[in-house]
Amino acid sequence: MSSWAIDQVGTIDEELAAILKNELSRQRTTLQLIASENFTSPAVMAATASVLTNKYAEGYPSKRYYGGNRIVDEAEDLARQRVCALFGAEHANVQPHSGASANLAAYMALVNPGDTIMAMSLDQGGHLTHGSPVSITGKIYRFVPYGVTPYSKDGSGERIDLEQLRDLAKKENPKLIVAGTTAYTRIIDPLPFRQIADEVGAKLLFDVAHPAGLIAGGVHPNPVGIADVVTFTTHKTLRGPRGGAILTGAELAKAVDSAVFPGLQGGPLEHVIAAKAVAFFEALQPSFKEYAERAVLNAKALAAALSELGFRLVSGGTENHQVLLDLRTFDAELTGKAAQDSLDRAGITCNRNQIPNDPRPPFVTSGLRLGTPAETTAGMGQEEMAVIASLIAKVLRRCGDEETEKEVLHEVHELCAQFDPYRSLSV
Ligand code: DSN
């Protein structure tokens, strides 16, 4: 949403323009700590606001079902070439509207309905589309979940349980193993997954939605060339527009492309694909490596400061852009829901999250997930992470207290004024 876009909306629809202005103001003046969000550049936003939104382009470059796609083809080709260069992939599909559709298309390309798939369960840190019974994925395929190792006092527990995965895989004979998580703070090495998949003759899909930007920046291992298919969203650490993408080798290119279109989707969102091309260009610059390094250092600093303040870190720390807190050591009665709501009123945006073996239900939870991608983009560093940790503790010591929330909101406004992600926008 550029200021130009808001002005244009305002010429015919003041009501919506006011809503857009308010959201821009919310993002600028409060802390955005949702681990799956980021601040895209004005260039990425401008591409999503471009005339490419007008074009129907079912099919793929040079093989479309509509005329007039010569220029759109150039945009989609640019996105495909750039993302292949970024991750060293042979083939890319940049049409998935989201991570959910990227995953569903990958399943369609790799297995048949009813086949057995193994993936991390949602309540252990996996994703809804990794076979949760409430997701279509869990209804079409037979998912067998794996999880993390038990909690250990020395911080060595709550890691992906590869032994459990291997034992279950030998018993269940899955056609596909899915690696990838949504609430997990450790580096995931793709090699042991490949080894286990090979031992049981399964294919391997790695969903890197969360660490995609860290992989692009060279701070996490790249599963491209190891996994058969790699899926991701473009809007998390990768800092692009909302959307998904799929990478694969030449041999699976046709199966993946057919699964996305016509298998799952109709006309691609070419304006979003153009914005993906811009984001991939940005991620190819040397400065993006430095961004990825800073996002991880900031998460480590935030985790260390929160641990000092009495919060338990799930898995004992972090190696990525996330911090997962077990709130019970700080306050046994405090729920993730109450914490999220109170922090929200104090201008600190984050999400409640189940922790492994959480005794509370998903709508309530005992955990809180925090992330550094957005505020790292805004320019915050390790010093600011320590300040944020102290503000979080201040709110949660008196969770729900209006005076405290107001006081912290004021401090948050002061902090955010020094780190405006959209300084260049005049609104
Ligand atoms: N990918 C999820 C998250 O991490 O927030 C949302 O589906």
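Here we summarise the structure given alongside this text. (Residues numbered from 1 in each chain as written. Predicted model: local features only at pLDDT ≥ 70, side-chain atom pairs only at ≥ 80, totals over all residues. Heavy atoms only, no water.)

**Description of the overall build of the protein**
This is how it is decided: Here a helix means four or more residues in a row that DSSP labels H or I, a strand means two or more in a row labelled E, and each is numbered from the N terminus. Burial classes: relative accessible area under 20% of the type maximum marks a residue as buried, over 50% as exposed, and values in between as partly exposed (1.4 Å probe, protein chains only). The contact criterion used is simple: two residues touch if any of their non-hydrogen atoms lie within 4.5 Å. Reported accessibility uses the Shrake-Rupley method at a 1.4 Å probe radius. Residues are deemed covered only where the shown protein chains occlude them. Charge assignment in this entry is limited to Lys and Arg as positive and Asp and Glu as negative, and neither His nor the chain termini are counted. To locate a charge, take atom NZ for lysine, CZ for arginine, CG for aspartate or CD for glutamate.
The number of helices and strands found in the protein is 16 helices and 15 strands. Projected onto the principal axes, the alpha-carbon positions of the protein cover approximately 60 × 60 × 35 Å. Per-residue burial over the protein gives 59% buried out of 427 residues. Across the protein, the fraction of contacts at a sequence separation of at least 24, relative to all contacts at a separation of at least 6, is 71%. When the accessible surface of the protein is summed, it comes to about 17,600 Å², and 53% of that surface belongs to carbon and sulfur atoms. Each charge sign in the protein was given a centre, from 40 positive and 50 negative side chains, and these centres are 3 Å apart.

**Remarks on the state of the cysteines**
The test is simple: Criterion for a disulfide: a pair of cysteine sulfur atoms within 2.5 Å.
Inspection of the entire model under this criterion finds zero disulfides. Take Cys399: it sits in no disulfide, and the sulfur closest to it among the cysteines is that of Cys350, at 11 Å. With a relative accessible area of 31%, Cys399 lands in the partly exposed category.

**Some words on helix α4 (residues 70-87)**
Convention followed: For a helix, the expected span equals 1.5 Å multiplied by the residue count minus one. The directions from the helix axis to the C-beta atoms are what the arc is built from.
For α4, built from 18 residues, the straight-helix expectation of 26 Å at 1.5 Å per residue is met to within 8% by its first-to-last C-alpha distance of 26 Å. Inspection of α4 places Val72, Asp73, Ala75, Glu76, Ala79, Arg80, Val83, Cys84, Leu86 and Phe87 among the buried residues, and these make up the whole buried set. Along the axis of α4, the buried residues cluster in a sector spanning 165°; they form a single face. Along α4, exposed side chains directed more than 90 degrees from the buried face belong to Arg70, Ile71, Gln81 and Ala85. Trailing α4 by a residue or two, Gly88 shows a phi angle of about 70°, which is positive.

**Regarding the site of the ligand**
Heads up, the rule is: The criterion for a residue being near a molecule or strand is simple. One of its heavy atoms has to lie within 4 Å of it. Two N or O atoms count as a polar contact when they lie within 3.5 Å, although within protein this holds only if one can serve as hydrogen donor and the other as acceptor, and sequence-adjacent residues are included solely when both atoms are side-chain atoms. We call Asp, Glu, Lys and Arg charged. Ala, Val, Leu, Ile, Met, Phe, Trp, Tyr, Cys and Pro are nonpolar, and the rest, Gly among them, are polar.
Residues in contact with the ligand, as listed here, are Ser36, His127, Thr182, His210, Lys236 and Arg369. At 2.8 Å, a side-chain N or O of His127 approaches an oxygen atom of the ligand. Look at the ligand: alone it shows 240 Å² of surface, and the protein chains cover 64% of it. Here the shell around the ligand is built from residues that sort into no nonpolar, four polar and two charged.

**Looking at the sheet that holds strand β12 (residues 322-326)**
Backbone-to-backbone hydrogen bonds join strands into a sheet, with any given pair of strands oriented parallel or antiparallel. Rules: Strand pairing is assigned whenever DSSP detects at least two bridges linking the two strands. Geometry is summarised by axes, namely lines fitted to C-alpha atoms with helices restricted to the contacting stretch, and by angles between N-to-C directions that run from 0 to 180 degrees.
If you trace the four strands from one edge of the open sheet to the other, you get β11-β12-β15-β14, paired in antiparallel fashion. In the strand order of this sheet, the two ends are held by β11 (312-313) and β14 (351-353), each with one partner. Relative to strand β15 (residues 367-371), β14 is paired through three bridges, and the arrangement is antiparallel. Looking at the pairing, Asn353 lines up with Gly367 of β15. Helix α12 (residues 286-308) contacts β11, β12 and β15 of the sheet and is inclined by roughly 20° relative to β12. Across the face of the sheet, helix α13 (residues 336-345) comes into contact with β14 and β15 while running at roughly 45° to β15.

**A closer look at the sheet that holds strand β5 (residues 116-120)**
Read across the open sheet, the seven strands follow the order β4-β10-β9-β8-β7-β5-β6; overall the sheet is mixed. The two strands at the open ends of the sheet, each matched to only one other strand, are β4 (91-93) and β6 (142-146). With direction set aside, neighbouring strand axes in the sheet form an average angle of 20°. Where strand β7 (residues 176-179) lies against strand β8 (residues 203-207), four bridges are found, and the strand directions are parallel. Within β8, the position partnered with Val178 by the bridge is Leu205. Each of β5, β6, β7, β8, β9 (229-233) and β10 (244-248) is contacted by helix α5 (residues 99-110), which is oriented at about 165° to β9, the strand it contacts most. Sheet strands in contact with helix α7 (residues 162-172) are β5, β6 and β7, and its direction is about 155° off that of β6.

**Observations regarding the pairing of β12**
Consecutive side chains along a regular strand alternate between the two faces of the sheet. Counting buried residues in β12 gives five out of five residues, a clear majority hidden from the surface. Residues Gln322, Leu324 and Asp326 of β12 are buried on one face, and the alternating residues Val323 and Leu325, pointing to the opposite face, are buried as well. Alignment of β11 against β12, held across two bridges, turns out to be antiparallel. Bridged to Arg312 within β12 is Asp326. Of the strand pairs in this sheet, β12 and β15 are connected by five bridges, and their pairing is antiparallel.

**Some details on the packing of aromatic side chains**
Here is the rule we go by: Aromatic rings from Phe, Tyr and Trp, with only the six-membered ring used for Trp, were paired whenever their centres fell within 6.5 Å, and each pair was classed as stacked if the ring planes differed by under 30 degrees, edge-to-face if by over 60, and tilted otherwise. Remark: a charge is flagged as sitting over a ring if the NZ atom of Lys or the CZ atom of Arg is within 6 Å of the ring centre and within 35 degrees of the ring normal.
Tallied over the full model, the rule gives 10 aromatic pairs. Centroid distance Phe311 to Phe330: 4.0 Å. Interplanar angle 10°. Geometry classified as stacked. Within this pair, whereas Phe311 is found in the loop between α12 and β11, its partner Phe330 is found in the loop between β12 and α13, the two being separated by 19 residues in sequence. An aromatic cluster is built from Tyr107, Tyr141 and Phe143, whose rings are joined through pairwise contacts. The residue whose ring lies beneath Arg239 is Tyr291, and the NZ or CZ to ring-centre distance is 4.3 Å. It is Arg352 that lies over the ring of Phe363; its NZ or CZ is 4.6 Å from the centre.

**Here's the deal with the side chain of Ser101**
Within the fold, Ser101 resides in helix α5. Ser101 sits in the buried class, given a relative accessible area of 13%. Apart from the residues within four sequence positions on either side, Ser101 is in contact with Pro96, Leu264 and Gln265.

Such coordinate-based values are descriptive only and should not be taken to indicate function.
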